Every structure is written in structure tokens, then in C-alpha cells.
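Letter by letter, the chains look like this.
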Amino acid sequence: MSIEARDGRIFTAEGLELGSDPNVVAAFIAHHRDHAEAREWLVDPADAIRRFADAQR
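Residues numbered from 1 in each chain as written. Predicted model: local features only at pLDDT ≥ 70, side-chain atom pairs only at ≥ 80, totals over all residues. Heavy atoms only, no water.

A. Here's a closer look at the environment of Asp-44. Among the secondary structure elements, Asp-44 is positioned in the loop between helix H2 (22–34) and helix H3 (45–56). A C-alpha to C-alpha distance of 8.7 Å links Asp-44 and Ala-13, two positions 31 residues apart in sequence. (Helix = DSSP H or I, 4+ residues; strand = E, 2+ residues; numbered from the N terminus.)

If you want it as C-alpha cells, here you go:
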């Protein structure tokens, strides 16, 4: 999955890092689609996934 930041940088998270639950993947994508400011977290995919997982609790 790739998301383009407002400044043109592209951030990518590998499918294996997201897991295989399609509901989690869809929520992750929707969150970053709807919250452009959060896309900066994707610089470090592991940190982005941790933040997202923490927010789901």
C-alpha cells in the first residue's frame, strides 16, 4: 500500500506488516486516506502500525 503525502513523498507499508485481516487493512487505509496529517507516520511503517493498533484498543 502506498500513500502520497501533500509534499509529494510516497510512503509504503508492506502487506505483511499490515496482517491479513481485511477489516484491519481497510481501516488502516481509510484512516490514512481521511487523515492526511497522519500520513507522516508512514515514514516508519512499524511505528505507524503500532500507533494504529494502539488506537484500536
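There is more to say, and it comes next.
B. Focus on the side chain of Arg-39. Along the polypeptide, Arg-39 turns up in the loop between H2 and H3. Buried and unpaired, Arg-39 has no salt bridge, with Asp-34 as the nearest side chain of opposite charge at 6.8 Å. Only 2.8 Å separates the side chain of Arg-39 from the backbone oxygen of Arg-33, close enough to count as a polar contact. Here Arg-39 is in contact with Ile-3, Glu-4, Phe-11, His-32 and Arg-33, once residues within four sequence places are set aside. (Buried < 20%, exposed > 50% of the residue type's maximum accessible area, 1.4 Å probe, protein only. Lys, Arg positive; Asp, Glu negative; His and termini not counted. Salt bridge = Lys/Arg side-chain N within 4 Å of Asp/Glu carboxyl O. Polar contact = N/O pair within 3.5 Å; in protein donor to acceptor, adjacent residues only side chain to side chain. Contact = heavy atoms within 4.5 Å.)

C. Just the nonpolar core, in detail. Formed by Ile-3, Ala-5, Phe-11, Phe-28, Leu-42, Ala-48 and Phe-52, the largest nonpolar core amounts to 7 residues. Excluding residues that lie within four positions of it along the chain, Ala-48 makes contacts with Phe-28, Trp-41 and Leu-42. (Core = buried A, V, L, I, M, F, W, Y, C linked by side-chain atoms within 4.5 Å.)

D. Looking closely at H3. Between its first and last C-alpha atoms H3 spans 17 Å; for 12 residues at 1.5 Å apiece the expected length is 16 Å, and the two agree. All of the buried residues along H3 are Pro-45, Ala-48 and Phe-52. Projected down its long axis, H3 carries its buried residues within an arc of 60°, all on one side. (Expected span 1.5 Å × (residues − 1). Arc of directions from axis to C-beta.)

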